[in-house]
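Chain residues, written in single-letter form:
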Amino acid sequence: MSQLVTIFGGSGFVGRYIARRMAKEGWRVRVAVRNVNEAMFVRPYGAVGQVEPVFCNIRDDASVAAVMNGADAVVNCVGVLDEVGNNTFTAVQAEGAARIARIAAAHGVSRMVHISAIGADAEAESEYAKTKAAGETGVLEHMPDAMILRPSIMFGDEDQFFNRFAGMSRMGPVLPVIGADTRFQPVYVDDVAAAAVKGVLGEVAGGVYELGGPDVQTFRELMQTMLEVIRRRRLIVNMPFWMARLMAFGFGVVRAASLGLVKGPITKDQVINLAVDNVVSDDARGFDAFDLRPTAMEAVLPEYLWRFRPSGQYDAIKESAKNLKT
């Protein structure tokens, strides 16, 4: 019987790419998610019955143990950018990651890959960054040979970064950003998935790896790159951090008063993160260790951002028509 990998959050942004690649490697793939009905799209990634979504709540020992049964390897892709109800940073990114590793060790699982993030730091001001670091510590405590991947901001068809700001660009002549001079090193999501698969297969030793793409750009430069792809002209306006903090505080008050029904576009923790560069450290191990060459943004962004162009899929046709001689 082929080997089995359980991927926690396997229908999420990076998880679905890992699931697809593991299926191509011939593994059985168990996709552990909170909402099985919304994860059915992963089933065609492999042969009939090869990729199966199953329910799991990583805040519960019994639930995690149930989907771990019989697994040869586990991958944890679960993370949150914003706290919602019981899914707090601590519960998901710290306690949840440690729980998965502890139960994996108890079940004799041989390999674990954990998706963390660049900027994970126990001393950080951001709760997101602190709990990411706590999660790494918890994983290594129980699975000392685990592989921990720290990607920079990831881009790809379903990303919540370029898609979000490209959508905002359609609303008016101004595109507001927070932390315009903060540097990022965007990495293609499928490149991160390729690295994770090498970890599952044991082709690369465990440890901490930081993954970034070939381009380092400021937030402002990334928005300029995105606007060029979607062929729109917008004035990029940097919002001062003091103003962003006030705005985040106001949205936080409204959210609390509405019992979470009304969500703002930015949170206090996200403002804190936007003040810190998100690039690979000089002394970090990265894609070279996987014998992988990261994909440039220019090779991928046009493939999915074209729909934000003024004329969508017909934009290129209209440009060509202008060159026709009457």
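That block above? That's the structure.
Residues numbered from 1 in each chain as written. Predicted model: local features only at pLDDT ≥ 70, side-chain atom pairs only at ≥ 80, totals over all residues. Heavy atoms only, no water.

**Q** Help me understand the overall build of the protein chain, please; the structure alone is not making it clear to me.
**A** Scanning the protein chain from terminus to terminus reveals eleven helices and 13 strands. Over its C-alpha atoms the protein chain spans a radius of gyration of 21 Å, differing by no more than 12% from the 20 Å that the globule rule assigns to 326 residues. Oriented by its inertia axes, the alpha-carbon framework of the protein chain measures out at about 70 × 50 × 40 Å. For the protein chain, with 326 residues in total, the buried portion stands at 49%. Element-wise, carbon and sulfur atoms account for 52% of the exposed surface of the protein chain, whose accessible area totals about 16000 Å². Distance from the positive charge centre (35 side chains) to the negative charge centre (37 side chains) of the protein chain: 8 Å. (Helix = DSSP H or I, 4+ residues; strand = E, 2+ residues; numbered from the N terminus. Rg over C-alpha atoms; globule rule 2.2 N^0.38 Å. Buried < 20%, exposed > 50% of the residue type's maximum accessible area, 1.4 Å probe, protein only. Areas by Shrake-Rupley, 256 points an atom, 1.4 Å probe, with all protein chains shown as cover. Lys, Arg positive; Asp, Glu negative; His and termini not counted. Charge placed at Lys NZ, Arg CZ, Asp CG, Glu CD.)

**Q** Can you walk me through helix H1 (residues 15-24) in this structure?
**A** Note: α-helices contain 3.6 residues per turn, so residues at a spacing of three or four share the same orientation. Here H1 lies mainly inside the structure; seven of its ten residues are buried. The set of residues buried in H1 consists of Gly 15, Arg 16, Tyr 17, Ile 18, Ala 19, Met 22 and Ala 23. Taken together, the buried residues of H1 touch strand E1 (4-8), strand E2 (28-33), strand E3 (51-55), strand E4 (73-76), strand E5 (111-115) and helix H6 (189-201). Gly 26 sits one or two residues past H1 and shows a positive phi near 90°. (Contact = heavy atoms within 4.5 Å.)

**Q** What am I meant to see in the sheet that holds E5 here?
**A** The strands that make up a sheet pair up through hydrogen bonds in the backbone, lying either parallel or antiparallel. In spatial order, the strands read E3-E2-E1-E4-E5-E6-E11; together these seven strands make up an open sheet with parallel pairing. Strands at the two margins of the open sheet, each flanked by one partner only, are E3 and strand E11 (207-211). Strand after strand, the sheet turns through a mean of 20° between neighbouring axes, direction not considered. Of the pairings in the sheet, the one linking E1 to E4 comprises four bridges and is parallel in character. Within the sheet, the bridge partner assigned to Ile 7 lies in E4 and is Val 75. Along the sheet, helix H3 (residues 89-106) contacts E1, E4 and E5; its crossing angle with E5, the most-contacted strand, is approximately 175°. (Pairing = 2+ DSSP bridges. Axes fitted to C-alpha atoms, helices over the stretch in contact; angles between N-to-C directions.)

**Q** I would appreciate a short explanation of the side chain of Lys 132 in the present structure.
**A** By the secondary structure assignment, Lys 132 is in helix H4 (residues 127-142). It turns out Lys 132 is buried and unbridged, and the closest side chain with the opposite charge, Glu 136, is 7.8 Å from it. With sequence-adjacent residues up to four places away left out, Lys 132 is seen in contact with Val 78, Gly 79, Gln 93, Ile 115, Ser 116, Ala 117 and Ala 120. (Salt bridge = Lys/Arg side-chain N within 4 Å of Asp/Glu carboxyl O.)

**Q** For this particular structure, what's the right way to read the packing of H1 against H6?
**A** Two numbers describe how H1 lies on H6: the axes approach to 8 Å, and their chain directions differ by 50°. For the element pair H1 / H6, the angle class is oblique. As for how H1 packs across H6, the hand of that crossing is right-handed. Listed contacts from H6 to Tyr 17, Ile 18, Arg 21 and Met 22 of H1 are Val 189, Asp 190, Ala 193, Ala 194, Ala 196, Val 197, Val 200 and Leu 201. Here the contact of H1 with H6 is built from residues that sort into ten nonpolar, no polar and two charged. (Parallel < 35°, antiparallel > 145°, perpendicular 65-115°, else oblique. Left-handed = near helix turned anticlockwise from the far one by under 90°. Nonpolar A, V, L, I, M, F, W, Y, C, P; charged D, E, K, R; others polar.)

**Q** Explain the state of the cysteines to me, please; I cannot follow it from the model alone.
**A** Note: disulfide means a covalent bond formed between the sulfur atoms of two cysteine side chains. If you walk through the whole model with that rule in mind, you get zero disulfides. Residue Cys 56 stays outside any disulfide, its sulfur separated by 13 Å from that of Cys 77, the closest cysteine. For Cys 56, a relative accessible area of 3% puts it in the buried group. Overall, Cys 77 belongs to the buried group, its relative accessible area being 14%. (Disulfide = S-S within 2.5 Å.)

**Q** Looking at this model, I keep getting lost on the environment of Lys 24. Mind explaining?
**A** Here Lys 24 lies in helix H1. Along the primary structure Lys 24 and Asn 57 are separated by 33 residues, whereas in three dimensions their C-alpha atoms are 27 Å apart.

**Q** Teacher, can you tell me more about the pairing of E5 here?
**A** Along a regular strand, successive side chains alternate from one face of the sheet to the other. A large share of E5 lies buried, amounting to four of its five residues. With respect to chirality, the unit in which E4 leads through H3 into the neighbouring parallel E5 is right-handed. Remark: the E5/H4/strand E6 (residues 147-151) crossover connection has right-handed handedness. (Right-handed = clockwise from strand over helix to strand, strands pointing away.)

**Q** I keep staring at the side chain of Asn 76 and nothing clicks. Help me out?
**A** Along the chain, Asn 76 turns up in strand E4. A distance of 3.1 Å separates polar atoms of two side chains, one belonging to Asn 76 and the other to His 114. Contact partners of Asn 76, with chain neighbours within four places excluded, come to Phe 8, Ala 97, Ile 100, Met 112, Val 113, His 114 and Ile 115. (Polar contact = N/O pair within 3.5 Å; in protein donor to acceptor, adjacent residues only side chain to side chain.)

**Q** How do you make sense of the nonpolar core when you look at a structure like this?
**A** One recurring pattern in soluble globular proteins: nonpolar side chains tend to sit buried together. Among the nonpolar cores identified, the biggest contains 68 residues, and Ile 18, Leu 149, Phe 162, Met 223, Met 226 and Leu 305 are the most heavily contacted of them. Val 92, Ala 101, Ile 103 and Met 112 belong to the second largest nonpolar core, which has 23 residues in total. (Core = buried A, V, L, I, M, F, W, Y, C linked by side-chain atoms within 4.5 Å.)

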